[in-house]
Structures are given as C-alpha cells and as structure tokens.
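Chain by chain, the residues run as shown.
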Amino acid sequence: MNAQALDILLLVAALGVGALLWLPRLRGIPTWRAMVTPLASIIGSGFLIVGPVLEHAFGWLAPLAMAVLSLIAWLYGAAVRANIARIGEGADPRPAADRRLETLASAVLAFAYMISVAYYLNLFGAFAVNLTPWDGPLAARCVTTAVFALILLTGWTRGFAALEGMEYVTVSVKLAIIAALLTGLAVFFAARAGEGALVLTPPRVTGIGALTLVMGLLVTVQGFETARYLGQSYDVPTRIRSMKWSQWLSAAIYMVYILLLAYVFRPDQLAFSETAIVDMMAIVAPALPLLLVAAALAAQFSAAVADTSGSGGLLSELSRGRLTPRTAYALLTLVGLALTWAADVFEIISYASRAFAGYYALQAALAAIGARRDGDGARATGFALLATFGLGIVLFGQAVEG
C-alpha cells in the first residue's frame, strides 16, 4: 500500500471511530459515560510512553510485560471495587479505623496526583517541541513551565469547570487517533510479515530488574481508581461496572498495540526518548506523527487539568477547608516545577508509579480488612498480598534507563 492510500485509510479509521463515539445512543448509556473518566486516565500519557519503553527494555517479550502490567492493574482494581461495594451509597458505614485508613489513602492519592500532573505536563512539553526546530530538554521544560503557569492562573481565578467539560471531546479524539495508529501498525505488521521481516529483538532487562522496571511503570495503566470518586454522579453498580469495562477495553487496546509494535522495528530504528513513539510512527505512515502529537497535547492537558482539580479538592477536603483549592493549586505547581527542573520524564514516571502504588496498597489493605471481617479468608489473604506487593513497588520501583 502506498503512503497516500495508507494516509487515507488512517483518516477513515479515525473519522469512523470518532463518529461512532459521538452517536447519541452510545453517549446516552450511563455505564459508557461513567467509563469516560477512568478511560481518559488509563489510555493517556501511558499509551504514548509504554510502547517504546517496553520495546526498548523487553524486546520480543514486550507483550508479556504488558500482560503482567495489565494484570497488576486489574488486581488493584478488584481491591478498589471491593471498597466501593463495601461503602455503598451515602455515608461510609465502615468502622472509624477503616475511615482513618481511607483518609490516609486519600492524602497519598492527592500527593500522587501532584506528581502525575508533572508527568503529564513534562510529556506535553516534550511533544509540543518535538516537531519544531527547538526540540530539546530546555525548550520542553520552558513549555511545561508556561503551561503550569496557565493552569495555576486558570484554577486560581476561574476554576476548572469549563476545561473539565472538554473531557469527552478529548477522550473521543484520543480514541479516534489510537484507532488510526492501530490501523497503521496492523498494515505495517502485515507487510513485514509478508516479507518475512518480523524482528525478534532480545530483551535488554531480565530477572529482578525486569520486575522492578514493570513496577516502575504502574502509572502508565493508572486511572481506573477515579471510578471510586464518582459517587455523586453514578450509583455503586454503575461505578463498578464502568471500572471493569474501562480496564477490559484499555487492556485490549494496550495488548493489541504492543503485539503489533514489538516485532516490526529493528534495534537501529528504535530511539530512546519520551517522544520515541513519534519517530517510530514516522516509519509506519507519514500522517501518524502529526496525529500523535495532536493527541498527546490534548490528552496531557486534559489529564493535567483533571488531576490538578482532583488534588486541589482532596487537599481542601483533608484539611477541612483550612487549605483552599487555590492554595492547593499553588502547592501543586511548586512541586511540579521542582520535578520539572530537577528530574527527567522517566524519573517522574517512577516517582508517580510509587505514589500510586502507595495508594493502591492502602486500598488493598482496606479490602483485606473488610474481607477478613466478613470471614472470607481467601480474599483477605489475596488482598493482603496485593498490599504487600504495593509496598514493594513503593520501595523498589525502578526508573527506565536508556
């Protein structure tokens, strides 16, 4: 297939999926509407980063690493779902000790959101300058700093309600562009297979190093927990169902993506950077780099706004109003700017993964306590092991290295 025909096919795929997502019948399904928030987080920055990272580190074993990462996310999702079901509707009926542990989990989540905003906006900066003559770390950090200032100004003066209303639009655009990406990769994969030119790149990382690296990538599949905090809009069964469906859909997309990506690039075609996916997709189809940059900018900005708002609200609630959301936004900006100028994107990913692992460990501990109280020893043991594993991620999660 020539380049022009492939670009037309990619455009048709993107427009087709985009049109499907805007069907009133689909948008009217409560579970789908509830899925949008966790889906926006799960298939966001992580999608742009995880493919090249797994390909670089694990070679032909990248799909196995992705399957392990998806399984870890699913198990922690099960713990969060158990807690959603236990709390039920209205006030939290659990004992005071459980509620104190939940408060600690919320504080850890607020801190995790702070780091994740730095992660999103550093990726925003990197992708914003990627196709320009100023591509480089300094320009990317300057763009990130400017966007932090814009978000702080917006949150301080007007709040985020208007920007948060863009969530469905950005999710739809992102999924439409992912459809084009997967279509292009499928055509490229078929062509390489037909030529007998599929590549089995040997893993660079094995053993304990492989496990700690996967642990350090947890943030790339994070986001399902947001269903836990949609109680004002959706009932318990809808929130649980939306989390399950969003995790199923995102895991399927991730697995297809990694399977198509892992066997078509020679080692000399693999660049190692936060924007490596752009260079890789330029080999697949001329139109893909520009589409990916557009998707990246929309995804990073909307996710950063959502997590800034979430962190501000949580910190205000935890401090019982002593810390206003506006003050929390300023604190988040200071933390984000410090990370931006002191660490690279892959270090920030590792920090964010550890922070979210701390939250998931506490949620798993709560689920274990609840299961033991119900006399379900098997589930209690399983959740306790998850809590221990989460603590292991906090302590041993490893940053990606070139």
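A few points about the overall build of the protein
Then, in step 1: Each helix and strand in the protein was counted, giving 16 helices and zero strands.
Then, in step 2: Relative to the compact-globule value of 21 Å for 402 residues, the protein shows a C-alpha radius of gyration of 21 Å, a close match.
Then, in step 3: Judged by the C-alpha coordinates and their principal axes, the protein covers about 65 × 50 × 45 Å.
Then, in step 4: Here the protein holds 402 residues, and 53% of them are scored as buried.
Then, in step 5: Excluding contacts between residues fewer than 6 apart, the proportion of contacts in the protein whose partners are at least 24 apart in sequence is 83%.

Observations regarding the environment of Ile-348
Then, in step 1: By secondary structure assignment, the location of Ile-348 is in helix α15 (residues 345–373).
Then, in step 2: On the basis of relative accessibility, which here comes to 0%, the residue Ile-348 falls in the buried class.
Then, in step 3: Linking Ile-348 and Leu-185, residues 163 residues apart in sequence, is a C-alpha distance of 29 Å.
Then, in step 4: For Ile-348, the contacting residues outside a window of four places in its chain are Ile-115, Ala-118, Tyr-119, Asn-122, Leu-339 and Ala-343.

Here we look at a nonpolar patch on the surface
Then, in step 1: Together, Trp-22, Val-169 and Val-173 make up a nonpolar patch on the protein surface, roughly 240 Å² of accessible area in all.
Then, in step 2: Mapped onto the elements, Trp-22 comes out in the loop between α1 (3–21) and α2 (24–27).

Topic: the packing of helix α6 (residues 96–130) against helix α7 (residues 137–157)
Helix packing geometry: the angle between the two helix axes and the distance between the axes.
Then, in step 1: Relative to each other, α6 and α7 sit at 125 degrees, their axes nearing to 8 Å. The angle between the axes of α6 and α7 places the two elements in the oblique class. Crossing of α6 over α7 shows right-handed handedness. Of the residues in α7, those in contact with Val-117, Ala-118, Leu-121, Asn-122, Phe-124, Gly-125, Ala-126, Ala-128 and Val-129 of α6 are Ala-139, Ala-140, Val-143, Thr-144, Val-147, Phe-148 and Ile-151.

What about the nonpolar core?
Then, in step 1: The biggest cluster of nonpolar side chains holds 121 residues, and the ones touching the most others in it are Leu-54, Phe-58, Tyr-257 and Met-281.
Then, in step 2: With near-sequence residues (within four places) excluded, Met-281 lies in contact with Leu-181, Leu-185, Leu-261, Phe-265, Leu-288, Pro-289 and Leu-292.

Description of the side chain of Thr-212
Then, in step 1: Structurally, the position occupied by Thr-212 is in helix α10 (residues 207–215).
Then, in step 2: A distance of 3.0 Å separates a polar side-chain atom of Thr-212 from the backbone oxygen of Gly-209.
Then, in step 3: For Thr-212, the residues in contact, after removing those within four places along its chain, are Phe-396, Gly-397 and Gln-398.

A closer look at the packing of aromatic side chains
Then, in step 1: Scanning the entire structure with this criterion turns up eight aromatic pairs.
Then, in step 2: Their ring planes at 20 degrees and their centres at 5.5 Å tell us that Tyr-76 and Tyr-360 sit as a pair that is stacked. In this pair, Tyr-76 sits in helix α5 (residues 62–87) while Tyr-360 sits in helix α15, placing the two residues 284 residues apart along the sequence.
Then, in step 3: Taken together through their ring pairs, the aromatic side chains of Tyr-76, Tyr-113, Phe-224, Phe-356, Tyr-359 and Tyr-360 make up a single cluster.
Then, in step 4: Looking at Arg-81, its charged tip hangs above the ring of Trp-74, at a distance of 4.2 Å from the centre.

A word on helix α14 (residues 325–342)
Then, in step 1: With 18 residues, α14 should cover 26 Å at 1.5 Å per step; its first-to-last C-alpha distance of 26 Å lies within 8% of that length.
Then, in step 2: Within the sequence span of α14, burial applies to Ala-328, Tyr-329, Leu-332, Thr-333, Gly-336, Leu-339 and Thr-340. Looking down the long axis of α14, one finds its buried residues gathered within 140 degrees of arc, a one-sided arrangement. Residues Leu-334 and Ala-342 are exposed on α14 and point more than 90 degrees away from its buried face.
Then, in step 3: Where α14 is buried, its residues contact α6, α7, α13 (288–318) and α15.

Examining the environment of Pro-325
Then, in step 1: Within the secondary structure, Pro-325 sits in helix α14.
Then, in step 2: With twelve residues separating them along the chain, Pro-325 and Gly-313 place their C-alpha atoms 5.8 Å apart.
Then, in step 3: For Pro-325, the contacting residues outside a window of four places in its chain are Gly-312 and Ser-316.

Considerations on α5
Then, in step 1: Between the first and last C-alpha of α5 there are 38 Å, a value that for 26 residues agrees with the 38 Å anticipated at 1.5 Å per step.
Then, in step 2: One or two steps after α5, the chain reaches Gly-88, where phi turns positive at roughly 70 degrees.

Quick notes on the rules
- Residues numbered from 1 in each chain as written.
- Predicted model: local features only at pLDDT ≥ 70, side-chain atom pairs only at ≥ 80, totals over all residues.
- Heavy atoms only, no water.
- Helix = DSSP H or I, 4+ residues; strand = E, 2+ residues; numbered from the N terminus.
- Rg over C-alpha atoms; globule rule 2.2 N^0.38 Å.
- Buried < 20%, exposed > 50% of the residue type's maximum accessible area, 1.4 Å probe, protein only.
- Contact = heavy atoms within 4.5 Å.
- Patch = residues over 30% accessible without salt bridge, like charges linked within 9 Å, V, L, I, M, F, W, Y side chains within 5 Å.
- Areas by Shrake-Rupley, 256 points an atom, 1.4 Å probe, with all protein chains shown as cover.
- Salt bridge = Lys/Arg side-chain N within 4 Å of Asp/Glu carboxyl O.
- Axes fitted to C-alpha atoms, helices over the stretch in contact; angles between N-to-C directions.
- Parallel < 35°, antiparallel > 145°, perpendicular 65-115°, else oblique.
- Left-handed = near helix turned anticlockwise from the far one by under 90°.
- Core = buried A, V, L, I, M, F, W, Y, C linked by side-chain atoms within 4.5 Å.
- Polar contact = N/O pair within 3.5 Å; in protein donor to acceptor, adjacent residues only side chain to side chain.
- Phe/Tyr/Trp six-rings, centres within 6.5 Å; stacked < 30°, edge-to-face > 60°.
- Lys NZ or Arg CZ within 6 Å of the ring centre and 35° of its normal.
- Expected span 1.5 Å × (residues − 1).
- Arc of directions from axis to C-beta.

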